[in-house]
Amino acid sequence: MPKVKFDTLESTCVPLPFENVDTDQIIPARFLSATSRQGFGDNLFRDWRYTKTGEKNSDFVLNNPDFTGKVLVAGKNFGSGSSREHAVWAIFDYGFRAVVSSFFADIFMNNALNNGLLPIVISDDLLKKLHALIQKNPDTKVKIDLEKQTFTIVSTGDSVNFGINPYKKECLLKGLDDIDFLLSMKSLITSYENNKSK
Amino acid sequence: MNAKTLFDKIWDSHVVRSIKDGPDVLYIDRHYIHEVTSPQAFNGLKERGIPVLRPGKTIATADHNIPTKDQHLAIRDLLSRNQVERLNENCQKYGIELFGLNHPKNGIVHVIGPELGYTLPGMTIVCGDSHTSTHGAFGTIAFGIGTSEVEMVLATQCILQPKPKSMRITLEGELHKGVTSKDIVMYIISRISASGATGYFVEYAGSAISSLSMESRMTICNMSIEMGARGGLIAPDETTFEYLGKIPSIPGIENLKSSVNEWKKLQDDPDAIFDKDLKFDAGLIKPMITYGTNPGMGMAIDDSIPLSDDNGNKASASFIKSLDYMGFKPGMKLLGHPIDYVFIGSCTNGRIEDFRAFAKIIKGRKKADNITALIVPGSKKVEEQMAAEGLIELYKSAGFEVRQPGCSSCLAMNEDKIPQGKYAVSTSNRNFEGRQGPGARTLLASPLTAAAAAITGRITDPREFITEEQKVKK
């Protein structure tokens, strides 16, 4: 598990305004045969990004040079379906550091937090507004402050608080690792086992 | 003391430590692993230089990335072969029991776990696979995890997890003929949507659930994730104990009777309160089919595709995109629509009961010429049972070839792909774009509906065949 820190981020956005984008779209199963965590970004959104014959699909947002940035602005119920962490690895490897939606699937949310990719939940209304702003002006920037838990649209000044589990927040701010944390509790785990077997 | 749900009881008894404002440290009784989501976790252990804390609690199989033909030969795809070999090496190095490729008990992780007695009531179970919810049919807390969490469990036998909210879905009433547990769960998902249970752990209850076999219960719990739920469970009862009683030897259980007495306590307290309580009438359920690209886009097989996804308001861009992908139009009827492929198998419908159901309709008939069928047992044991019951012969004489076990066309990691633009009636769990191959169009359905389609070559109401049979009997 890589130790990734996250504190603040100001960036333009890449919009993907579809609902129910599942992890099979993020990274199709046929690209899951690798045994390391690296390189999945090349196949991020593979079947939307490339045509049947392997050429770049100019209609897809990742191939549109107008839209760049480290923040992926998605639609409702992002990351549903398969538990494959490869989906998060692909998004991170491509260069995104935060994903914004009004609703994330549970497993995707956990996987993102475990890899330093910050999932930010905002209201449906604000998400709609943000998508409209980005379409109108691809240079629209957002600012994320994890310590203060604020998400701000720079041009309009819209600023909201977002939720995050305090433990996970601390891990991201300090670059702490779950496994080190759990390993420090080994005696507690052993005594739990001993009690259970009595 | 507050009344507790069954979920609360199992969860609370597995909390090693509660972190203030944080997740719980949850102890895991059973960890299943497979070749696709484990290699990076083992790499992590190597980098840290630490062992697997409790290798005896992890069980491994190769299922996702293996061929379903000529399994005795080396896997042709080099990346796939490498992944399966890594699993073999890792299991050997860390002392983990492996039911790998060509093992006589090999099969899909969520099929072999229960059939070999590794899934037992009251357990906490995780696996790097979202369909781990299957095991909830035995009254367990079972859910899918990511690879970082697989590493966590290998290293510490624990996982950091926030406790989900609780939802009860009660189903009363009697099921009509031709309606299976697959239709039940597809009906529920179509009613509450593919994200209707996100953040919740579901308990299924009611007379229409308790009358089901273990295989049918597994199908329902399996698809909990398709409504967004963290998992789904069913309280253990006599059906559960009878199933377990038939397993020749259950690892770690010496006296089944005394275990059963303990397991009988795994029930909701009578006045337990759920965060959400939903009720459905089983009598209203018809054979179901999906028309879109998420499992929430389902309808009764004789229905028409809705005009919109928003109560008569303008259809969303996602809805239109989805129907375009499928080559369908709003308001269209699907009955009679020609199809190209039929797939029966997967952790959803790859058990013996499913192949018996399929056989019920194909018996004495012939596969339609326009259909390519993929018939894939969920495990070696299912394959053996099929042979013993004469089903493999029956399938052959109806023009179907039975493959070797694996996940196969459910996620199409191997060569069992549905070609671009082709329609497949599939007993699997996901109709996502490209799930069964790039451009493939998936229609989820029960084994009965798949069988009816395989015989006619078109989307067909399975009740046509069921009625016919009844008439013959009379």
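1. Notes on the overall build of chain A
And then number 1: Assigned secondary structure in chain A consists of eight helices and seven strands.
And then number 2: Scaling as 2.2 N^0.38, a compact globule of 198 residues should have a C-alpha radius of gyration of about 16 Å, and chain A matches this with 18 Å.
And then number 3: Oriented by its inertia axes, the alpha-carbon framework of chain A measures out at about 65 × 45 × 25 Å.
And then number 4: The buried share of chain A, taken over its 198 residues, is 44%.
And then number 5: Put simply, 67% of the contacts in chain A that link residues at least 6 apart link residues at least 24 apart.

2. Thoughts on the overall build of chain B
And then number 1: When helices and strands are counted, chain B shows 17 helices and 18 strands.
And then number 2: Here the C-alpha radius of gyration of chain B, 22 Å, is about what a compact globule of 474 residues would show, namely 23 Å.
And then number 3: Over its C-alpha atoms, taken along the principal directions, chain B stretches across nearly 55 × 55 × 50 Å.
And then number 4: Split into buried and exposed, the 474 residues of chain B put 58% on the buried side.
And then number 5: Taking contacts inside chain B between residues at least 6 apart in sequence as the whole, the part at least 24 apart equals 75%.

3. Quick word on the packing of helix 6 (residues 181–192) of chain B against helix 8 (residues 214–222) of chain B
All names here are of chain B.
And then number 1: Across the interface, helix 6 lies against helix 8 with an axial gap of 8 Å and an inter-helix angle of 20°. The orientation of helix 6 relative to helix 8 falls into the category roughly parallel. As helix 6 runs across helix 8, the sense of the crossing is right-handed. Along the contact surface, helix 6 presents Ser181, Lys182, Ile184 and Val185, while helix 8 presents Ser216, Thr219 and Ile220.
And then number 2: The residue inventory of the contact of helix 6 with helix 8, partitioned by class, reads three nonpolar, three polar and one charged.

4. Quick notes on the domain arrangement of chain B
Residues and elements named next belong to chain B.
And then number 1: Here chain B is partitioned into domain 1 (6–263) and domain 2 (290–473).
And then number 2: Here the C-alpha centroids of domain 1 and domain 2 sit 24 Å apart.
And then number 3: Mapped onto the side of domain 1 that touches domain 2, the elements with two or more residues apiece are helix 4 (109–115), helix 6 and helix 8.
And then number 4: Of the residues belonging to the side of domain 1 that touches domain 2, the class tally is 11 nonpolar, 18 polar and nine charged.

5. With respect to the sheet that holds strand 9 (residues 165–172) of chain B
Residues and elements named next belong to chain B.
And then number 1: What the four strands build is an open sheet, ordered 11-10-9-12; its pairing is parallel. Across the chains shown, the open sheet's two edge strands, defined by having one partner strand only, are strand 11 (231–233) and strand 12 (276–281). On average, each strand axis in the sheet is inclined to that of its neighbour by 20°, with strand direction left out of account.
And then number 2: With six bridges connecting them, strand 9 and strand 12 associate as parallel partners.

6. Some points on the interface of chain A and chain B
And then number 1: Counting residues at the interface gives 45 residues for chain A, matched by 58 residues for chain B.
And then number 2: Among the elements of the structure, helix 1 (23–26), helix 4 (106–113), helix 6 (166–174), helix 7 (178–183) and helix 8 (186–197) of chain A are those that each provide at least two residues to the side of chain A that touches chain B.
And then number 3: Per-class residue counts for the side of chain A that touches chain B are 18 nonpolar, 16 polar and 11 charged.

7. Describing helix 11 (residues 317–326) of chain B
For an α-helix the count is 3.6 residues per turn, leaving residues at separations of three or four pointing the same way.
Residues and elements named next belong to chain B.
And then number 1: Within helix 11, burial applies to Ser318, Phe319, Ser322, Leu323 and Met326. End-on, the buried residues of helix 11 take up no more than an arc of 130°, which puts them together on one face. Those residues of helix 11 that are exposed and angled more than 90 degrees off the buried face are Ala317 and Asp324.
And then number 2: Packed against the buried residues of helix 11 are strand 18 (441–444).
And then number 3: Directly beyond the C-terminal end of helix 11, a positive phi value near 75° is found at Gly327.

Cut-offs applied
- Residues numbered from 1 in each chain as written.
- Chains lettered and ligands numbered in written order.
- Predicted model: local features only at pLDDT ≥ 70, side-chain atom pairs only at ≥ 80, totals over all residues.
- Helix = DSSP H or I, 4+ residues; strand = E, 2+ residues; numbered from the N terminus.
- Rg over C-alpha atoms; globule rule 2.2 N^0.38 Å.
- Buried ≥ 20, exposed ≤ 12 C-beta atoms within 10 Å, placed from the backbone.
- Contact = placed C-beta atoms within 7 Å.
- Axes fitted to C-alpha atoms, helices over the stretch in contact; angles between N-to-C directions.
- Parallel < 35°, antiparallel > 145°, perpendicular 65-115°, else oblique.
- Left-handed = near helix turned anticlockwise from the far one by under 90°.
- Nonpolar A, V, L, I, M, F, W, Y, C, P; charged D, E, K, R; others polar.
- Domains from an automatic or database assignment.
- Pairing = 2+ DSSP bridges.
- Arc of directions from axis to C-beta.

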